[in-house]
Amino acid sequence: MPIPTSFNSKERAQNGVRRALWALLLISLAATVALAQTPAIATGGVLNGASFQKGLAVTPGSLISIFGTSLASRSAQADTIPLSTSLGGVSVQFVNGTQTVAAPMLFVQPDDAAHNLTSQINLQVPWGIVPSGTSGTVNVIVTRDNVSSPPTPVNIAPFSPGIFSSNGYAIAQNPDGSLAWPAGLIPGLVTHAAKAGDTIVVYATGLGAVDSAVADGQNSLDKLRNTVTPPQVTVDGMPAMVVFSGLSPQFVGVNQLNIVVPNVTPGDKLPIQIQLGGITSPSSVAIAVSQ
């Protein structure tokens, strides 16, 4: 198995790419004051942290976002690894009746009525959580300043693939570390289209178990970890060779895919999708490919 590009030479990853990924994960917003009410998770408010796809189960080890009301009293984001299970006075527990596991926390944001924003929490689903009985669900409870939300049942599944993106484009690195987006798409950020035959790095979450255990909230800088089940990747509907599928070395709960861009018709916005366990990530995420 070839060593992933970013694992073998992390120094090549540009600061702009790191900022784009972390901006998506943490969603840094101005702090606001939330009313001291009982926290409540919105109906259908537990979503894949990359795709925000509704109706999708969540996967152990993956990143998710929880939306609701009064989930936090102030904004806070993680600044240490391993991630803490408490952030800004907020904690999240996954409960299956006999098992209670606290989740590693990335980001919390209070309600912001002035900007029509609900509360949001970004976190990692604990690796070891097991659903109860035959229902395939666990209860999620948010505790804010010692006040707990009602339990919310959430489906747990082996796979829930989602690709991280910004403005509809995948967080995908070219061999030179730039983003595989149209040139000049964002001022100050180095971008250019990928080429057929290039090996690019795509960041995702929800690809399931890996071949070597890793602690909750910890990154994978210590060793290479491959996904147990290889995913399929397509670009504009054409299969792409997957050179590596595993955990990103640097980022907690993030999967890294090294893929070879297939010989597709060039375009500025070609859909890129992951297929795994009968689930396909949304077609709304794209990369640019040139001749």
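Residues numbered from 1 in each chain as written. Predicted model: local features only at pLDDT ≥ 70, side-chain atom pairs only at ≥ 80, totals over all residues. Heavy atoms only, no water.

A. Expanded view of the sheet that holds strand 1 (residues 40–48). The strand order across the open sheet formed by five strands is 1-2-7-6-3, and the pairing between neighbours is antiparallel. In this open sheet, the two strands that pair with only one neighbour each are strand 1 and strand 3 (76–77). Pairing geometry for strand 6 (residues 105–109) and strand 7 (residues 119–124), over four bridges, is antiparallel. Bridge pairing links Q109 to Q120 in strand 7. (Pairing = 2+ DSSP bridges. Helix = DSSP H or I, 4+ residues; strand = E, 2+ residues; numbered from the N terminus.)

B. Inspection of the environment of D222 at higher detail. As for its position among the elements, D222 is in the loop between strand 16 (199–205) and strand 17 (232–235). Along the chain, D222 and P249 lie 27 residues apart, while their C-alpha atoms are 7.9 Å from each other. Side-chain polar atoms of D222 contact the side chain of R225, separated by 2.7 Å. (Polar contact = N/O pair within 3.5 Å; in protein donor to acceptor, adjacent residues only side chain to side chain.)

C. Expanded view of the packing of aromatic side chains. Taken as a whole and assessed by the stated rule, the structure comprises three aromatic pairs. Centroid distance Y203 to F251: 6.0 Å. Interplanar angle 80°. Geometry classified as edge-to-face. Of this pair, Y203 sits in strand 16 while F251 sits in the loop between strand 18 (238–247) and strand 19 (255–260), placing them 48 residues apart in sequence. Each member of the pair Y203 and F251 is classed as buried. (Phe/Tyr/Trp six-rings, centres within 6.5 Å; stacked < 30°, edge-to-face > 60°. Buried < 20%, exposed > 50% of the residue type's maximum accessible area, 1.4 Å probe, protein only.)

D. Looking closely at the nonpolar core. Grouped together as the largest cluster of nonpolar side chains are 25 residues, with contacts concentrated most on I66, V92, F94, I121 and L123. Every residue in contact with I121, bar those within four places of it in the chain, is listed here: I64, S65, I66, L71, V90, V92, M105, F107, V108 and V142. Grouped together as the second largest cluster of nonpolar side chains are 24 residues, F159, A204, V235 and L257 included. (Core = buried A, V, L, I, M, F, W, Y, C linked by side-chain atoms within 4.5 Å. Contact = heavy atoms within 4.5 Å.)

E. Fine view of the pattern of salt bridges. Within the structure shown, the criterion is met by two salt bridges. Where R144 meets D145, a salt bridge forms, and the shortest distance between an N and an O atom there is 3.6 Å. Judged by relative accessible area, R144 falls into the buried class, the value being 4%. As a salt-bridge pair, D222 and R225 come within 2.7 Å of each other at their nearest N and O atoms. (Salt bridge = Lys/Arg side-chain N within 4 Å of Asp/Glu carboxyl O.)

F. Structural view of the pairing of strand 20 (residues 267–276). Bridge count for strand 17 against strand 20 is four bridges, and the pairing is antiparallel. Along strand 20, the bridge assignment pairs V235 with I272. Note: strand 20 against strand 22 (residues 286–290), three bridges, orientation antiparallel. Note on strand 22: the bridge partner recorded for G267 is V289. Where strand 20 lies against strand 21 (residues 279–280), two bridges are found, and the strand directions are antiparallel. Directly across from L276, in strand 21, lies its bridge partner I279. Between strand 20 and strand 21, which pair antiparallel in sequence order, lie two residues; one of them, G277, sits at a positive phi of approximately 60°.

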